Amino acid sequence: MQNKTEDLRNLRKTIGNNIHKERALRKVTLARLSRLTGIRMKKLDQYELGKNMVRLEEVFFIARSLGVAAEKLFEAGN
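Reference entry: report on the structure contained in this document. Note that the coordinates shown come from a computational prediction; the quantities given were computed from them, not determined experimentally. Counting of residues starts from 1 at the beginning of each chain's written sequence and follows it residue by residue. Residue-level local features of this predicted model are given only where pLDDT is at least 70; pairs of side-chain atoms are given and counted only at 80 or more, and the full residue set underlies all totals for whole chains, interfaces and linings. Side-chain numbers here rest on the full set of heavy atoms in the structure, without hydrogens or water.

## Points about the overall build of the protein chain
Piece 1. The helix and strand inventory of the protein chain stands at four helices and zero strands.
Piece 2. Numbering of helices and strands starts at the N terminus; helices are DSSP runs of H or I of at least 4 residues and strands are runs of E of at least 2. Order of helices (α) and strands (β) in the protein chain, N terminus to C terminus: α-α-α-α.
Piece 3. Put simply, the protein chain has 78 residues, and 35% of those count as buried.
Piece 4. Counted over contacts in the protein chain with a minimum sequence separation of 6, partners at least 24 positions apart contribute 56%.
Piece 5. Total accessible area computed for the protein chain in this model is approximately 5100 Å², and 54% of it derives from carbon and sulfur atoms.
Piece 6. We count Lys and Arg on the positive side and Asp and Glu on the negative side, and we leave His and both chain ends out. One atom stands in for each charge, and that atom is NZ of Lys, CZ of Arg, CG of Asp or CD of Glu. Charge separation in the protein chain, taken as the distance between the mean sites of 17 positive and 9 negative side-chain charges, equals 6 Å. Whether a residue is buried, partly exposed or exposed follows from its accessible area with a 1.4 Å probe, protein chains only, as a fraction of its type maximum: under 20%, in between, or over 50%, in that order. Only heavy atoms enter the contact rule, under which two residues are in contact if any of them lie within 4.5 Å. Accessible surface is estimated by sampling points in the Shrake-Rupley manner with a 1.4 Å probe; for residues, cover comes only from the protein chains shown.

As structure tokens, then:
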């Protein structure tokens, strides 16, 4: 059984990978996503790399800006 630290690490990576994938599919640059969400580019980059956990409200800002359901960003194996 995984410990909580591993679970959080995996969640960070899943969310980050999904943000990157959805952004790439829509051909949205980090700069544009930053302007749309009000989240700094550096922070978005760290999220995509799975280095920092995205705050819940930021997940919704990002999802709305990319035109996807927020739940999609949490789905593993996409």
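## With respect to the pattern of salt bridges
Piece 1. Any carboxyl oxygen of Asp or Glu that lies within 4 Å of a side-chain nitrogen of Lys or Arg is treated as forming a salt bridge with it. Tallying each qualifying case throughout the model produces six salt bridges.
Piece 2. Measuring nitrogen to oxygen at the nearest pair gives 2.6 Å for the salt bridge that ties Arg 23 to Glu 48. Highlighted residues: Arg 23 in helix α1 (residues 4-25) and Glu 48 in helix α3 (residues 41-48), separated in sequence by 25 residues. Accessibility assignment for this pair places Arg 23 and Glu 48 in one class, buried.
Piece 3. The salt bridge involving Glu 57 is made with Arg 55; its shortest N-O contact spans 2.7 Å.
Piece 4. What makes Glu 57 partly exposed here is its relative accessible area of 38%.
Piece 5. Take Arg 55: its relative accessible area is 42%, and that puts it in the partly exposed class.
Piece 6. Look at the salt bridges and you will find they share partners, linking Lys 43, Arg 55, Glu 57 and Glu 58 into a network.

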